[in-house]
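Residue strings, one per chain:
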Amino acid sequence: MPSAGLRRYVEAVPGNPLPHGILTGCTTVIDVTDTHELLGTEWLPLSCADAHDTTWCPPDNETVPAKEFTRPEVCSAAPVTIYAGAECSAPGFSYSEALQHATETLRMGEQRALEEWFLTNVLCQIGEDLTPAAGAVSVAQGVGVLETWLGTEYGGTGVLHVPVGVGALLGCCNIVHTDTGAPRTLVGNCIVLGSGYAANVGPPDCTVPDPGEAWLYATSPIRIRREAPVPVPDTDGASVDIRTNDRRVLVEAGFVVEIACCRAAAVRVTLC
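Residues numbered from 1 in each chain as written. Predicted model: local features only at pLDDT ≥ 70, side-chain atom pairs only at ≥ 80, totals over all residues. Heavy atoms only, no water.

**A short note on the overall build of the protein chain**
The following threshold applies: Numbered from the N terminus, helices here are DSSP runs of H or I no shorter than four residues, and strands are runs of E no shorter than two. We compute the radius of gyration from the C-alpha atoms alone; for a globule the expected value is 2.2 Å times N to the 0.38, where N is the number of residues. In this scheme, a residue with accessible area under 20% of its type's maximum is buried, one over 50% is exposed, and one in between is partly exposed, where area comes from a 1.4 Å probe on protein chains only. Residues are treated as being in contact if the distance between any of their heavy atoms lies within 4.5 Å. To measure how exposed things are, a 1.4 Å probe is used in the Shrake-Rupley method; for residues, cover is taken only from the protein chains shown. Positive charges are assigned to Lys and Arg, negative charges to Asp and Glu, while His and the chain termini are left out of the count. Think of each charge as sitting on NZ of Lys, CZ of Arg, CG of Asp or CD of Glu.
When you go through the protein chain residue by residue, the secondary structure sums to 3 helices and 15 strands. Against the globule reference of 19 Å for 272 residues, the protein chain gives a C-alpha radius of gyration of 24 Å, more extended than a compact globule. Structurally, the protein chain occupies a C-alpha span of about 95 × 45 × 35 Å along its principal axes. Put simply, the protein chain has 272 residues, and 36% of those count as buried. Expressed as a percentage of contacts within the protein chain between residues at least 6 apart in sequence, the contacts between residues at least 24 apart total 81%. For the protein chain, the exposed area adds up to about 15,700 Å²; of that, 55% sits on carbon and sulfur atoms. Counting 15 positive and 32 negative side-chain charges, the protein chain places the centres of these two groups 7 Å from one another.

Structure (C-alpha cells):
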C-alpha cells in the first residue's frame, strides 16, 4: 500500500439504511409541521375492543342478554430525540463538511437508534410474555403465537418486530413473502426486521434471552411522527470551541412512536 502522501482523496462510499426497518414499509411516517406533536401525543384508540354477537329470537324462557359497551382508554406516546455528531480539528474541517458528515450519519443510523429505543423503552416495558412454560419455541411457532394474539386481541393485521438476524430463519418455513414490498406473513401481518432490535430484551424486566434465543414482538399498527433534521449549532462560528480549536456539529431529529392500541406481546424463540 502506498504511503499516505501518494493517496488520492475521493468521495466517501455512499450507503443506504436497511430496507425493512421501523421507518419503512410497515409504518406510517408523518413529517410533522406542528412541533407540539414532538412533545408526545395521546389519543382515544379505535377498533381496540371486542365486538359481540346477539340474537333477537332467544330460546323459550330465556331473555336477550344485555348489550356490552366498552369505554375507550387513552393511549399515549413519549418523545425521543435521535442525534448524530461530528468532531474534528477546525482548520481541516469546515462547517459544511461537519454538517454533511453529521447529516449522513443520522440518515444512516436514525432507524437503528429508534428501534433500539423503542425496544428497550416501550416494547419490553409493556409486552405481555406469551412464551410457554416449557420455554422458547421455534421461530415458526413463535410467529404463530404472536399472530394468534393479534387475531384475538386486535382482530386486524398488525406488525411483528423481529431482530434483523432472525430474518434468515423466516424463509425456512415459508413464513414470509415480499410480493407487496414489505415482508408480510401469509396472514398479512407486516414484519419489521430491525437492526436495533439486536439489543434484544424481553418482558417483564427487559432481560436478555439465553444464548441461541431471541425475543419477537407483536403490536397493532404503528405510526411515527418525525421531525426534519435540525443542525446544532446552526452557524459556522458557534461550532468551534476556541479553547481546543475543535469543531463540533450535530444533527438531531425528534420522533414519537404511536401504537394503535398501546399494547404489545412477546415470545421467546430458539434460533437452532
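**Structural notes on the state of the cysteines**
Defined simply, a disulfide is a covalent bond joining two cysteines at their sulfur atoms. Defined as follows: Pairs of cysteine sulfur atoms within 2.5 Å are identified as disulfides in what follows.
Here the structure, examined in full by the defined rule, presents 4 disulfides. The disulfide bridge from Cys48 ends at Cys261, spanning 1.7 Å between sulfur atoms. With the S-S dihedral at roughly -85°, the linkage between Cys48 and Cys261 falls on the left-handed side. On the criterion of sequence distance, the pair formed by Cys48 in the loop between strand E2 (41-43) and strand E3 (75-77) and Cys261 in the loop between strand E14 (246-259) and strand E15 (264-270) is long-range, its members being 213 residues apart.

**A word on the pattern of salt bridges**
Let me state the cut-off plainly: Counted as salt bridges are all cases of a side-chain nitrogen of Lys or Arg within 4 Å of a carboxyl oxygen of Asp or Glu.
Applying the stated rule across the entire model yields 11 salt bridges. With its nearest N and O atoms 3.1 Å apart, the salt bridge here joins Asp241 to Arg243. By relative accessible area, which is 74% here, Arg243 ends up exposed. Counted as one network, the salt bridges with shared partners bring together Glu37, Arg223, Arg225 and Glu258.

**Details of the side chain of Thr219**
Rules: Throughout this description, a polar contact denotes any pair of N or O atoms lying within 3.5 Å of each other; where both atoms belong to protein, one of them has to be capable of donating a hydrogen while the other can accept it, and for residues adjacent in sequence the pair is counted only when both atoms sit in side chains.
Structurally, Thr219 is set in strand E10 (residues 213-219). Of the polar contacts made by the side chain of Thr219, one reaches the side chain of His161; its length is 2.9 Å.

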